[in-house]
Amino acid sequence: MSEKSEAQKHRYWVERDSIAIVKKSDSPSANKTYDSPLSVETVNLLVVKLDEDFVDTGSVITTGITCDVPAAGEQFTFTASGGHSFLDGMDVTLSGWIDDVGETAVADLNGITSQVENVAGNGFKLEGVNQNDGATILASTGDATPTNLTGIGITESPAIPSEFHEAIVDYAIMKGYEMKPEGLPSAQYFKTNFREQVSEGKKFSTKNRRGTTSTIIPQDF
Amino acid sequence: MTQKQMLERVRGHHPQAPEALIRVWLNLGLDSFCRQTKILKTVYTFPTVKDQRWYALDDKILEVHSVDYKGYTIPRLLGRPELRDLS
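Novice: Kindly report on the overall build of chain B, identifying the contributing residues and their values.
Specialist: What chain B contains, in helices and strands, is two helices and four strands. When the helices and strands of chain B are listed from N to C terminus, the series reads α-α-β-β-β-β. The C-alpha radius of gyration of chain B comes to 20 Å, more than 25% above the 12 Å expected for a compact globule of 87 residues. For chain B, the spread of C-alpha atoms along the principal axes amounts to about 60 × 25 × 25 Å. The buried share among the 87 residues of chain B stands at 41%. Pairs at least 24 residues apart make up 32% of the contacts formed inside chain B by residues separated by at least 6 positions. As displayed, chain B has an accessible area near 5,000 Å², and 53% of this comes from carbon and sulfur atoms.

Written as C-alpha cells, this is what we have:
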C-alpha cells in the first residue's frame with residue numbers, strides 16, 4: 001500500500017481543547033472502528049490563532065533587593081526599596097546576590113528559581129526559599145528576574161499587520177472611557193473606529209495573493 | 001507600533017489609569033480583533049506518539065483549518081467513533 005493511501009486512512013477531530021488523530025482499522029470486519037496512531041509521525045495543523053499577550057518586560061529586572069536573615073527553616077522576606085512589578089505566581093530567578101560583608105557570593109540564593117508569593121507593598125516571598133539549617137546567610141542584596149514572561153515585550157509589536165495596530169489602541173481607549181458615565185459618547189466613537197477596522201481586518205484576512213477576496217456567489221437551482 | 005507606543009497613546013486619554021490596567025485593555029482588544037478577523041494563521045507541528053490519540057491544543061489556537069499526517073491532508077471525522085478511547 002502506498003505511503004499516501006496509508007496516511008490518508010487517518011482522521012482527526014477536535015474536542016475538549018484537544019485534537020484526536022486516529023487510523024481507520026485495517027480489519028475488514030471492523031467497519032467504522034478506529035485505532036490510535038501506530039507509529040511516530042509528523043502532524044501539521046493549519047490553524048487560526050490568537051496573537052501573544054502583551055507582557056511587562058520593561059521594568060521587570062529588579063535590582064538592589066535586600067533580604068532579611070530569618071531563623072533556620074524560616075522563609076526569606078525580600079524587599080525592593082525602589083518598588084517591583086512582581087505578582088503572586090510569577091516565577092523569578094535570583095542572581096548577583098552578595099552578603100553585607102561584601103564580595104562573597106551568596107551561593108544559596110544565586111540561581112534559585114521560585115514562585116513569588118505574599119506580595120505586600122515592596123516586599124515579597126519566594127515559595128520554598130528558606131534559611132538552611134546551619135548555613136546562616138548574612139543580610140544580602142541582589143537581583144531578581146522573572147523567567148516565565150512570554151509574549152509581546154514592551155519594545156515589541158503584535159504580529160497582526162501594522163495597519164491594524166491602531167485598532168488595538170482604539171479598543172483600549174474605549175474601555176477606559178466606558179469606566180465613567182461622562183465618557184460614554186467618546187467610548188462610542190472609539191468603538192465605531194474599532195468596528196470599522198475589524199471590518200477591514202476581515203477583508204484583509206480573506207484576501208489571497210492576487211489581491212481579490214474570496215466570495216461565495218449564490219446560485220439558483 | 002510597539003507596546004510602549006500603544007501604552008503612551010492610551011495614557012494620553014487616560015492619564016490616571018495604571019499601566020497594568022491599560023495592558024489588560026490592550027490584551028482584550030488584541031484578542032477581540034484576532035477572534036473576529038481570524039487574521040493570524042499559522043502551522044503547528046507535533047509528532048504523534050504510538051498508541052496515543054489525544055493531543056492538547058495550544059491555548060492560542062482558535063480554529064483548526066486542516067491537518068496533514070506525514071505531509072498528506074487527512075479528513076475531519078464527522079461525529080466520533082462509537083468506541084470512546086480517552087488515551
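The structure having been displayed, the exposition proceeds.
Novice: So what's going on with the sheet that holds strand 3 (residues 61-69) of chain B? Which residues, and what values?
Specialist: Judged by pairing direction, the sheet is antiparallel, and its four strands sit side by side in the order 1(B)-4(A)-3(B)-4(B) without closing on themselves. Edge positions in the open sheet fall to strand 1 (41-47) and strand 4 (72-74) of chain B, since each of these has one partner strand only. Neighbour-to-neighbour, the strand axes of the sheet open up by a mean angle of 35 degrees, direction not taken into account. Here strand 4 (residues 42-49) of chain A runs beside strand 3 of chain B; their pairing, made up of seven bridges, is antiparallel. Residue L46 of chain A lies in a different strand from strand 3 of chain B, and its bridge partner there is S66 of chain B.

Novice: Give a description of the packing of aromatic side chains that names residues and reports values.
Specialist: Across all of its chains, the model carries 12 aromatic pairs over all chains by this definition. Relative to Y55 of chain B, the ring of F46 of chain B lies with its centre 5.1 Å away and its plane at 40 degrees, an arrangement referred to as tilted. Since its relative accessible area comes to 16%, F46 of chain B is described here as buried. For Y55 of chain B, a relative accessible area of 7% puts it in the buried group. Members of the aromatic cluster, connected to one another through ring pairs, are F76, F78, F86, W97 and F124 of chain A.

Cut-offs and rules
Every chain is numbered independently, its residues counted from 1 as its sequence is written. Key to labels: chains lettered from A, ligands numbered from 1, both in the order written. Where local features are concerned, this predicted model is filtered to residues with pLDDT of at least 70; where side-chain atom pairs are given and counted, the filter is 80 or more; whole-chain, interface and lining totals use all residues. Hydrogens and waters are ignored; side-chain quantities use all the structure's heavy atoms. Strands here mean DSSP runs of E at least two residues long; helices mean DSSP runs of H or I at least four residues long; both are numbered from the N terminus. Within these notes, the globule rule equals 2.2 Å times the number of residues to the 0.38 power, and the radius of gyration is based on C-alpha atoms. Note on classification: 1.4 Å probe, protein chains only; a residue is buried when its accessible area is under 20% of the maximum for its type, exposed when over 50%, partly exposed between these limits. The contact criterion used throughout is that any non-hydrogen atoms of two residues lie within 4.5 Å. Calculation of accessible area relied on Shrake-Rupley with a 1.4 Å probe; when residues are assessed, cover is drawn exclusively from the protein chains displayed. For two strands to count as paired, DSSP must find a minimum of two bridges between them. Each axis is a line fitted through C-alpha atoms, and for a helix only the stretch in contact is used; angles between axes span 0 to 180 degrees, taken between their N-to-C directions. Aromatic rings from Phe, Tyr and Trp, with only the six-membered ring used for Trp, were paired whenever their centres fell within 6.5 Å, and each pair was classed as stacked if the ring planes differed by under 30 degrees, edge-to-face if by over 60, and tilted otherwise.

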